[in-house]
Amino acid sequence: MIEIERKFLVKSNAFKNDAFKQTKITQGFLSTDKKRTVRIRLKGDIGYLTIKGESSNNGLSRFEWETKITKTEAEQLLLLCKKGVIEKMRYDIKVENHTFEVDEFYGENQGLIIAEVELDHENETFVKPDWLGVEVTGDIKYYNSQLSENPYRSW
């Protein structure tokens, strides 16, 4: 139940050519407290309730618990979320032994594209594709919970 991931800005749209899957995501937050984030997500037609704990000092890992909920439950819970619901398209891209999830944001976060790669351990190595830009792992302003409150367009 510990998520280990690294996060990067994306410097070109070249990733789209390599995507094997893309999914529309709508997500909101019931809590954006840095010690306990509660997220509601609608990913395609599947809903999710996710609770995340506080990040480690280096930002690489944190507790994450997630369960599926129905589309209707997710839609109803999204109505209860704090202001700043996020809309994005997620592209899944396989790069050797890892799958990068690249999120292209819309609305108030238009223009922001972030790639994440989940790892089995903090020191795991992985191939960095050419479209990967500056690493922003641990930079709280790039957390979705923070983007919902302080969107990219307002920076």
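All of these numbers come straight from a predicted model, not from anything done at the bench. (Residues numbered from 1 in each chain as written. Predicted model: local features only at pLDDT ≥ 70, side-chain atom pairs only at ≥ 80, totals over all residues. Heavy atoms only, no water.)

Draft legend 1. Structural detail: the pattern of salt bridges. Throughout the structure, instances matching the rule amount to 13 salt bridges. Between Glu116 and Lys7 there is a salt bridge; the shortest N-O distance is 3.3 Å. A residue pair is termed long-range when its members are at least 10 positions apart, and Glu116 in strand 8 (residues 113-118) and Lys7 in strand 1 (residues 2-10) qualify at 109 residues. The same class applies to Glu116 and to Lys7, which are both buried. One salt bridge in this structure joins Asp103 and Arg90, with 2.8 Å as the shortest N-O distance. Placement of Asp103 in strand 7 (residues 98-105) and of Arg90 in strand 6 (residues 86-95) is noted, with a sequence separation of 13 residues between them. If you follow the salt bridges from partner to partner, you end up with Lys88, Arg90, Glu101 and Asp103 in one network. (Salt bridge = Lys/Arg side-chain N within 4 Å of Asp/Glu carboxyl O. Helix = DSSP H or I, 4+ residues; strand = E, 2+ residues; numbered from the N terminus. Buried < 20%, exposed > 50% of the residue type's maximum accessible area, 1.4 Å probe, protein only.)

Draft legend 2. Region of interest: the environment of Leu9. Structurally, Leu9 can be placed in strand 1. Put simply, Leu9 and Thr70 are 61 residues apart on the chain and 32 Å apart in space, counted from C-alpha to C-alpha.

Draft legend 3. Main features of the nonpolar core. Membership of the largest hydrophobic core comes to 17 residues, with the highest contact counts inside it found for Val10, Phe15, Ile93, Phe100, Val102, Ala115 and Trp131. The biggest single contributor to this core is strand 6, with four residues. Ignoring sequence-local partners within four residues, the contact set of Ala115 consists of Arg6, Lys7, Phe8, Val10, Phe100, Glu101, Val102, Trp131 and Leu132. Grouped together as the second largest cluster of nonpolar side chains are eight residues, Phe29, Phe105, Val136 and Leu147 included. (Core = buried A, V, L, I, M, F, W, Y, C linked by side-chain atoms within 4.5 Å. Contact = heavy atoms within 4.5 Å.)

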